[in-house]
Amino acid sequence: MSTATSHASSSVLVDAEPQPLAIDVGRTALVIIDMQRDFLEPGGFGETLGNKVSLLDAAVKPIAALLEAARKVGMLIVHTREGHRPDMSDAPKAKVERGEPHLRIGAKGPMGRILIRGEAGHDIVPKLYPKDGEVIIDKPGKGAFYATDLGAILQHQHIENLIVCGVTTEVCVHTTVREANDRGFKCIVPGDCCASYFPEFHEVGLRMIKAQGGIFGWVSDSTRLVKALS
Ligand code: TIU
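Residues numbered from 1 in each chain as written. Predicted model: local features only at pLDDT ≥ 70, side-chain atom pairs only at ≥ 80, totals over all residues. Heavy atoms only, no water.

**A closer look at the packing of helix α3 (residues 60–72) against helix α8 (residues 222–229)**
The condition that has to hold: Axis angles are defined between N-to-C directions and span 0 to 180 degrees, where every axis is a line fitted to C-alpha atoms and, for a helix, only to the segment in contact. Helix and strand definitions follow DSSP, with helices as H or I runs of at least four residues and strands as E runs of at least two, each counted in order from the N terminus. Angles are sorted into four bins: roughly parallel if under 35 degrees, roughly antiparallel if over 145, roughly perpendicular if 65 to 115, and oblique for all others. Crossings are sorted by hand: turned counterclockwise from the far helix by less than a right angle, the near helix makes the crossing left-handed, and turned clockwise it makes it right-handed. What makes two residues a contact is simply this: any of their non-hydrogen atoms within 4.5 Å. Residue polarity is assigned by list, with Asp, Glu, Lys and Arg as charged and Ala, Val, Leu, Ile, Met, Phe, Trp, Tyr, Cys and Pro as nonpolar; anything else, Gly included, falls into the polar class.
Orientation of α3 relative to α8, taken along the N-to-C sense of each, is 10 degrees, at an axis distance of 9 Å. Accordingly, the angle class assigned to the pair α3 and α8 is roughly parallel. For the crossing formed where α3 meets α8, the hand is left-handed. Side by side, α3 and α8 meet where Pro62, Ala65, Leu66, Ala69 and Ala70 of the first sit next to Ser222, Leu225, Val226 and Leu229 of the second. For the contact of α3 with α8, the class distribution of residues is eight nonpolar, one polar and no charged.

**Quick notes on the side chain of Thr168**
Mapped onto the elements of the fold, Thr168 is located in the loop between β8 (161–167) and α6 (169–182). In this view, Thr168 contacts Leu56, Val173, His174, Ala195, Ser196 and Tyr197; residues no more than four positions away in its chain are not counted.

**Some details on the packing of α6 against helix α7 (residues 199–214)**
Packing of α6 against α7 leaves a shortest axis separation of 10 Å and a crossing angle of 15 degrees. Taken as axis vectors, α6 and α7 run roughly parallel relative to one another. As for how α6 packs across α7, the hand of that crossing is right-handed. Judged by residue contacts, Thr169, Glu170, His174 and Arg178 of α6 engage Phe201, His202, Gly205, Leu206, Met208 and Ile209 from α7.

**Focus: the site of the ligand**
Applicable threshold: Near residues are defined by distance, with any heavy atom within 4 Å of the molecule or strand qualifying the residue. For the purposes of these results, a polar contact is taken to be a pair of N or O atoms within 3.5 Å, where, inside protein, one atom must be able to donate a hydrogen and its partner to accept one; residues adjacent in sequence count only when each atom of the pair is a side-chain atom. Methods summary: accessible areas were calculated by the Shrake-Rupley approach with a probe of 1.4 Å, and residue burial reflects only the protein chains presented.
Surrounding the ligand, one finds Asp34, Phe39, Phe45, Leu49, Glu82, Lys142, Val167, Thr168, Val171, Cys172 and Tyr197. Contact between the ligand and Lys142: an oxygen atom at 2.9 Å from a side-chain N or O atom of the residue. The contact in question runs from an oxygen atom of the ligand to an N or O atom on the backbone of Thr168, over 2.9 Å. Computed on the free molecule, the ligand has an accessible area of 280 Å², of which 93% lies beneath the protein chains in the complex. Tallied by class, residues from the shell around the ligand come to seven nonpolar, one polar and three charged.

**Observations concerning the pattern of salt bridges**
Applied cut-off: By salt bridge we mean one thing: a side-chain nitrogen of Lys or Arg within 4 Å of a carboxyl oxygen of Asp or Glu.
Counted according to the given criterion, the structure contains 15 salt bridges. Between Asp123 and Arg81 there is a salt bridge, and its shortest N-O distance comes to 3.9 Å. Pair noted here: Asp123 is in the loop between β6 (112–113) and β7 (135–139) and Arg81 is in strand β4 (residues 76–82), with a separation of 42 residues, a long-range link. The closest approach of N and O atoms between Arg81 and Asp138, which form a salt bridge, is 2.8 Å. Residue Arg81 is found in strand β4, and its partner Asp138 is found in strand β7; the two are separated by 57 residues along the sequence. Via salt bridges that share partners, Asp15, Glu17, Lys210, Asp221 and Arg224 belong to a single interconnected network.

**Describing α3**
Put simply, the rule is: Here the expected length of a helix is defined as 1.5 Å per residue gap, with one fewer gap than residues. Exposure classes here rest on a 1.4 Å probe applied to the protein chains alone. A residue is buried below 20% of its type maximum, exposed above 50%, and partly exposed in between.
For α3, with 13 residues, the first-to-last C-alpha span of 18 Å sits near the 18 Å given by 1.5 Å per residue. Burial in α3 covers these residues: Val60, Pro62, Ile63, Leu66, Leu67, Ala69 and Ala70. Buried residues in α3 make contact with β3 (28–33), α1 (37–40), β4, β8, β9 (186–190) and α8.

**Structural notes on the pairing of β8**
Threshold: At least two DSSP bridges between two strands are required for those strands to pair.
When you tally the buried positions in β8, you get seven out of seven residues, the bulk of the element. Along β8, one buried face is formed by Asn161, Ile163, Cys165 and Val167 and the opposite face, lined by Leu162, Val164 and Gly166, is buried too. Sheet analysis places β3 next to β8, joined by six bridges and oriented parallel. Bridge pairing links Ile33 to Gly166 in β8. Sheet topology places β8 next to β9; three bridges connect them, and they run parallel.

**Concerning the pairing of β3**
With six of its six residues buried, β3 lies for the most part within the structure. Side-chain alternation along β3 places Thr28, Leu30 and Ile32 on one buried face and Ala29, Val31 and Ile33 on a second face that is also buried. Strand direction decides the pairing type here: β3 and β4, joined by four bridges, are parallel. The partner of Ile32 across the bridge, within β4, is His79.

Rendered as C-alpha cells:
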C-alpha cells in the first residue's frame, strides 16, 4: 500500500465553504464512495430500486480529475464498495426485504447477483478503477466505517482529513461523512464529485454539510481541490 506517512507533509489551503481549510496533504485521504456498476449502470441495484441511473454519470469526470491529482501528490486513496458476501450472511433481513425492487439483493441480474461481492455489478466503473496499492473497503452498510477496517487504516496512516466523494450524496456519502466527523476527521466534500438519483437531495445534502459553520464538514469542488493540490 502507498502510505501517506512516506510522503513529505505539505500544507495547502483548499477553497471551500463555509470557509477555506488548510490541510496537510500527507495526513489527508481521498475516499471515493461506491462508484460501482451496481449504482451507475442499467441492470444494477440502483435501477432495481426504480432510479434513473444516468443521473450519476455527472460525477465520473470530476472524480477522475481529482483522483489523478491525488495520485500525483501521493495521497492515500481509498475506494469503497457496498455489497454482501455471496452467502449473504452479512446482509440484514431488513435491508434485503426493503421496498419493492424488481430484483432483490442477491437475485441474478444482467451484471450478476445484485450487490454481491465478486459479481460484475459490484465492481468499480472502469474509468475510476483502483490502481494496485490503493485501499479497497468492502462495506455491508451505507457508512464506510460500519463493520469495516477503514478506521484502523486511517489511524495507522496518521490521517486527519478526508476528501469524501462518490454516490449517492445523501445516502452513502452523507452517512460516511457523518461517521467520519464523529470520529474526529475533518471532511471536505467536493460537490461535483458526488451525485444522487434525486437532484434536490444532492443540493440539499451538500447544504446540510456546510450549514451552521460546517456542522459536519466543508464543501468544495474538483476544480478548487485540483488547484490546491497542484
Ligand atoms: N452507495 C449508496 O449510496 N447506496 C445506496 O443504496 N444509495 C441509494 O441512493 N440508493
